[in-house]
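# Per-entry structural report
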Amino acid sequence: MDFQTAVFYFLSTILVVASLRVITARNPVHAALYLVLSFFTAGGVWMLLRAEFLAIALVLVYVGAVMVLFLFVVMMLDINIERLREGFWANLVPGLIVAGLMLAEMFAVLGAKYFSAGAAPAPEAPAMDYSNTKELGRLIYTEYVYPFELASVILLVAIIAAIALTMRKRKDTKFQEPAKQIAVRREDRVRLVSMPAEKE
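Residues numbered from 1 in each chain as written. Predicted model: local features only at pLDDT ≥ 70, side-chain atom pairs only at ≥ 80, totals over all residues. Heavy atoms only, no water.

What follows covers the side chain of Ser38. Summarising the element assignment, Ser38 is placed in helix α2 (residues 28-48). Owing to a relative accessible area of 4%, Ser38 belongs among the buried residues under this scheme. In contact with Ser38, not counting residues within four places along its chain, are Leu15, Ala18 and Ser19. (Helix = DSSP H or I, 4+ residues; strand = E, 2+ residues; numbered from the N terminus. Buried < 20%, exposed > 50% of the residue type's maximum accessible area, 1.4 Å probe, protein only. Contact = heavy atoms within 4.5 Å.)

Before going further, it helps to examine helix α1 (residues 3-24). Helix length check: α1 (22 residues) gives 32 Å between terminal C-alpha atoms against 32 Å at 1.5 Å per residue, within 8%. Buried within α1 are the following residues: Leu11, Ser12 and Ala18. Projected down its long axis, α1 carries its buried residues within an arc of 135°, all on one side. For α1, the elements touching its buried residues are α2. (Expected span 1.5 Å × (residues − 1). Arc of directions from axis to C-beta.)

Sites flagged by UniProt as "transmembrane region" (unreviewed entry) map to residues 6-24, 31-49, 55-77, 89-110 and 144-165. Secondary structure across residues 55-77 divides into 96% helix and 0% strand, with the first and last C-alpha atoms of the span separated by 31 Å. The span residues 144-165 shows a helical share of 95% and a strand share of 0%, and its end C-alpha atoms are spaced 32 Å apart. (UniProt positions renumbered as here; feature names shortened; annotations may be inferred.)

Our next topic: the packing of aromatic side chains. Enumeration over the complete set of coordinates arrives at three aromatic pairs. Note on Phe8 and Tyr9: the rings are 5.6 Å apart at their centroids and 65° apart in plane angle, and the pair reads as edge-to-face. The class of Tyr9 is partly exposed, set by a relative accessible area of 47%. When the centroid spacing of 5.2 Å and the interplanar angle of 40° are considered together, the rings of Phe39 and Tyr62 count as tilted. Note that Phe39 is positioned in helix α2 and Tyr62 in helix α3 (residues 52-76), a separation of 23 residues in sequence. Accessibility expressed as a relative area gives 17% for Phe39, which makes it buried. Note on Tyr62: relative accessible area 38%, which makes it partly exposed. (Phe/Tyr/Trp six-rings, centres within 6.5 Å; stacked < 30°, edge-to-face > 60°.)

Turning our eyes to something else, we now look at the packing of α1 against α2. Contact geometry of α1 with α2 gives a least axis separation of 8 Å together with a crossing angle of 155°. With respect to α2, the axis of α1 lies roughly antiparallel. The two elements α1 and α2 cross, and the hand of that crossing is left-handed. Here α1 contributes Gln4, Val7, Phe8, Leu11, Ile14, Leu15, Ala18, Ser19, Arg21 and Val22 to the contact with α2, which in turn contributes Ala31, Tyr34, Leu35, Leu37, Ser38, Thr41, Ala42, Gly44, Val45 and Leu48. Each residue belonging to the contact of α1 with α2 can be placed in one class, and the counts come to 14 nonpolar, five polar and one charged. (Axes fitted to C-alpha atoms, helices over the stretch in contact; angles between N-to-C directions. Parallel < 35°, antiparallel > 145°, perpendicular 65-115°, else oblique. Left-handed = near helix turned anticlockwise from the far one by under 90°. Nonpolar A, V, L, I, M, F, W, Y, C, P; charged D, E, K, R; others polar.)

Now for the packing of α2 against α3. The contact between α2 and α3 brings their axes to 9 Å, and the two run at 175°. With respect to α3, the element α2 is oriented roughly antiparallel. Together, Pro28, Val29, Ala32, Leu33, Leu35, Val36, Phe39, Phe40, Ala42, Gly43, Trp46 and Met47 of α2 and Glu52, Leu54, Ala55, Leu58, Val59, Tyr62, Val63, Met67, Leu71, Val74 and Met75 of α3 make up the contact between the two elements. Partitioning the contact of α2 with α3 into residue classes produces 21 nonpolar, one polar and one charged.

Per the stated rule, a full pass over the model turns up one salt bridge. Close ionic contact of Arg138 with Glu135 constitutes a salt bridge, the shortest N to O distance being 2.6 Å. Here Glu135 and Arg138 lie together in helix α6 (residues 132-141), a separation of three residues that amounts to about one turn. On the basis of relative accessible area, Arg138 is assigned to the partly exposed category, the value being 38%. (Salt bridge = Lys/Arg side-chain N within 4 Å of Asp/Glu carboxyl O.)

Rendered as structure tokens:
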């Protein structure tokens, strides 16, 4: 077993254990921290696959932004954990069925490499000056430019919809009207009171 294979098995073991702890940890903060650990180890697996851009994007986007937001939400909200766990045993059987189907699909895909009649040819090693980030950018902006633009338009519509939902006029929302702020006069805001000077 070479060094790269040993590192892969080491990171994969940490990833599986951290993923199991995400769904078995009783404390939601601990579950979120285990999810951060699983993201880091998944980034390490991406690095072993020579996908440096995807590994860095996974760490920056999910660990640096999404999980920090999750931690803030979990720590600021008073979540009733016992109420969330009420339907656990009722949904255990469908969850096990779905998990079994997913495992069967994974074994069917990954096991084809080892149990197929003909051995698959080994992939060619990339050249020394090969950059998968450059290749990813070339593919996005040439062959997949229309799906990329469509995804960007959908994300833009989602951002505008989120802002529009936030800016709705509700009774408990405090908002300002700049026109009224500009049209205000001094007499409406400041009242001068004439008081006699105090004498000792």
